[in-house]
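Residue-level structure breakdown
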Amino acid sequence: RIPITKKRDLQTLPPDSLIDRTVNRNRLSSERTSGSSARPFTVFYDSKFHSVRNAMFLRALRSVGYRFGQKLLLVTTRRSRVRSRRLLRWKYAPSRETPERLLEEIRRFGPDWIYDCVTPLRLLAEEVARRSDQLAKPIRIVTTAETLDKATRHLLQRTFKSDVFQFYGLTEMGLVGWQCSEHNGYHLADDTVIVEQMPPREGEGPPRLVMTNLDSTVMPFIRYDTGDIGVLHRDRVCKCGRAFTLLTTLEGRTVDCVQLRNGRRVSPYMLTCELEKLEGVGRYQIVQNEPGSLRVYLEPRAEGTHTLQEDIRRVLRAVVGEGFGIEVEINSKLIIVPGRKFRVVECRLEDRGSGENPVHEL
């Protein structure tokens, strides 16, 4: 009987109205969502929830074979706010590092595990292949934030000579699920998150995923519409023996690389991170319809956008190069195609298919 909460509803409210009034806001930590919906959102949490999130992450790592004492390289956007944990032999690297620099870091540190988003790992694997190089030892890979397609999984397995696992999480919820060595879906963290299937808005297709976090009491998320789409199997038991609910089909974390003139590709997060620094940028979408150009569709957040178009071209060209054509179209509202998952960066080149966003069968 509790109504579903949508992110756009929360974004219209001041943070103080979403936080437990008995808690001192100055003692809370905060984290912004990735902006996969093109509208980043700030989440506040206390030390208890932070500890629970760490425990869930560590449990998932242990379940895929991690053992204390093994070296773990975490590629993160929050390097300035975290320190490498020497006792655990964990080291942090910035997510915006180039594949060349990240490869140098791997050679210095010699990790047993790497945790990173799918796109940077694929670019790293392509860099290793380009150099016809050999890594010193097998490295097990844990991917996150994006859908791991079969071709990329095989590339990572060949390059790093080990198994590849994927974790599924949200800033609002923490770790929601993880793949085990059987790779037949995600084991959901039933003890910390309630995951519900809701009918699709457009009548057909996979169900929507609505979640309730049981530990985020400072800023509660109750029946929260994640925007992701997936299918649950509560009666299916994995061969690994774990009894957690299985999420076997997941759509909603697929992002596209932007192809440069020289054939190289750029992670979409490099574009979104730069764009979100600009004042006045509301919801947006970056689309690549042809090689050598981008089109940006933008809902401005405030008046005074006379310099915003040029600012957008400037920050994006710093990523893709000066010779790249960038068109900016300012609209009062973005046009969203019904029945399709919205992607903040979408590549529609011919070699990427029809542009439809197929459900990824794990």
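Residues numbered from 1 in each chain as written. Predicted model: local features only at pLDDT ≥ 70, side-chain atom pairs only at ≥ 80, totals over all residues. Heavy atoms only, no water.

Turning next to the overall build of the protein. When you go through the protein residue by residue, the secondary structure sums to 7 helices and 21 strands. Across the 362 residues that make up the protein, the buried fraction comes to 49%. Taking as baseline every contact in the protein between residues at least 6 positions apart, the subset at least 24 positions apart corresponds to 59%. By element, 48% of the accessible surface of the protein is carried by carbon and sulfur atoms, the whole surface being about 18300 Å². (Helix = DSSP H or I, 4+ residues; strand = E, 2+ residues; numbered from the N terminus. Buried < 20%, exposed > 50% of the residue type's maximum accessible area, 1.4 Å probe, protein only. Contact = heavy atoms within 4.5 Å. Areas by Shrake-Rupley, 256 points an atom, 1.4 Å probe, with all protein chains shown as cover.)

If you walk through the whole model with that rule in mind, you get 18 salt bridges. Among the ionic pairs, Arg59 bridges to Asp191, the shortest N-O distance being 2.7 Å. Within this pair, whereas Arg59 is found in helix α2 (residues 47-63), its partner Asp191 is found in the loop between β10 (186-188) and β11 (193-198), the two being separated by 132 residues in sequence. For Asp191, a relative accessible area of 42% puts it in the partly exposed group. For Arg108, the salt bridge is made with Glu105, and the minimal N-O distance between the two is 2.8 Å. Separated by 3 residues within a single helix, Arg108 and Glu105 lie in helix α3 (residues 99-109), roughly one turn from each other. (Salt bridge = Lys/Arg side-chain N within 4 Å of Asp/Glu carboxyl O.)

Before going further, it helps to spend a moment on the nonpolar core. Within the largest apolar cluster, 24 residues are counted, with the highest numbers of intra-cluster contacts made by Tyr168 and Met211. Val281, Ile286, Val296 and Ile312 belong to the second largest nonpolar core, which has 23 residues in total. (Core = buried A, V, L, I, M, F, W, Y, C linked by side-chain atoms within 4.5 Å.)

Given a rise of 1.5 Å per residue, 13 residues ought to cover 18 Å, and the 18 Å separating the end C-alpha atoms of helix α7 (residues 308-320) matches this to within 8%. Within α7, burial applies to Leu308, Ile312, Arg313, Val315, Leu316, Val319 and Val320. Backbone geometry just after α7 places Gly321 at a positive phi near 110°. (Expected span 1.5 Å × (residues − 1).)

Our focus in this paragraph is the packing of helix α4 (residues 118-130) against helix α5 (residues 150-160). Where α4 contacts α5, the two axes come as close as 10 Å, and the packing angle between them is 50°. Compared by their axis directions, α4 and α5 come out oblique. Considering only the axes of α4 and α5, their crossing is left-handed. Contacts between α4 and α5 involve Val118, Leu121, Arg122, Leu124, Ala125, Glu126 and Val128 from the first element and Ala151, Thr152, Leu155, Leu156, Thr159 and Phe160 from the second. (Axes fitted to C-alpha atoms, helices over the stretch in contact; angles between N-to-C directions. Parallel < 35°, antiparallel > 145°, perpendicular 65-115°, else oblique. Left-handed = near helix turned anticlockwise from the far one by under 90°.)

This part takes up the environment of Leu275. One can find Leu275 in helix α6 (residues 268-275). The exposure class of Leu275 is buried, given its relative accessible area of 0%. Each C-alpha atom, one on Leu275 and one on Val315, is 6.8 Å from the other, the two residues being 40 residues apart in sequence. When near neighbours in sequence (up to four residues on either side) are disregarded, Leu275 contacts Val281, Tyr284, Ile286, Val296, Ile312, Val315 and Leu316.

What follows concerns the confidence of the model for the protein. Chain-level statistics for the protein give a pLDDT mean of 83 and a share of 84% at 70 or above. Mean pLDDT across the elements of the protein bottoms out in strand β21 (residues 360-361) (32) and peaks in β10 (96). For the stretch residues 351-362, pLDDT sits under 50, and the model shows 32 contacts to residues farther than four places along the chain or on other chains. (pLDDT = per-residue confidence, 0-100.)

A word on unusual backbone geometry. When glycine is set aside, most residues are seen to have a negative phi, and most peptide bonds are trans. Even without being a glycine, His183 presents a positive backbone phi close to 55°. Along the chain, His183 turns up in the loop between β9 (174-179) and β10. For His183, a relative accessible area of 22% corresponds to the partly exposed category. The residue Arg223 is not glycine, and still its phi comes out positive at about 50°. Mapped onto the elements of the fold, Arg223 is located in the loop between β12 (208-213) and β13 (224-233). In this structure Arg223 comes out as buried when scored by relative accessible area, which is 16%.

Glancing now at α3. Of all the positions in α3, only Pro99, Leu102, Leu103, Glu105, Ile106 and Phe109 are classed as buried. Within α3, the buried residues cover an arc of 155° as seen down the axis, which keeps them to one side. Buried residues along α3 sit in contact with β4 (72-76), β5 (90-94), β6 (113-117) and α4. (Arc of directions from axis to C-beta.)

In this section: the sheet that holds strand β17 (residues 281-288). Two pairing modes exist for strands in a sheet, parallel and antiparallel, and in both the strands are linked by backbone hydrogen bonds. The strand order across the open sheet formed by 4 strands is β19-β18-β17-β20, and the pairing between neighbours is mixed. Looking at strand neighbours, the two that pair on one side only are β19 (325-330) and β20 (345-347), the edges of this open sheet. With direction set aside, neighbouring strand axes in the sheet form an average angle of 20°. Here β17 pairs with β20 via 3 bridges, running parallel. For Ile286, the partnering residue across the bridge sits in β20 and is Val345. (Pairing = 2+ DSSP bridges.)

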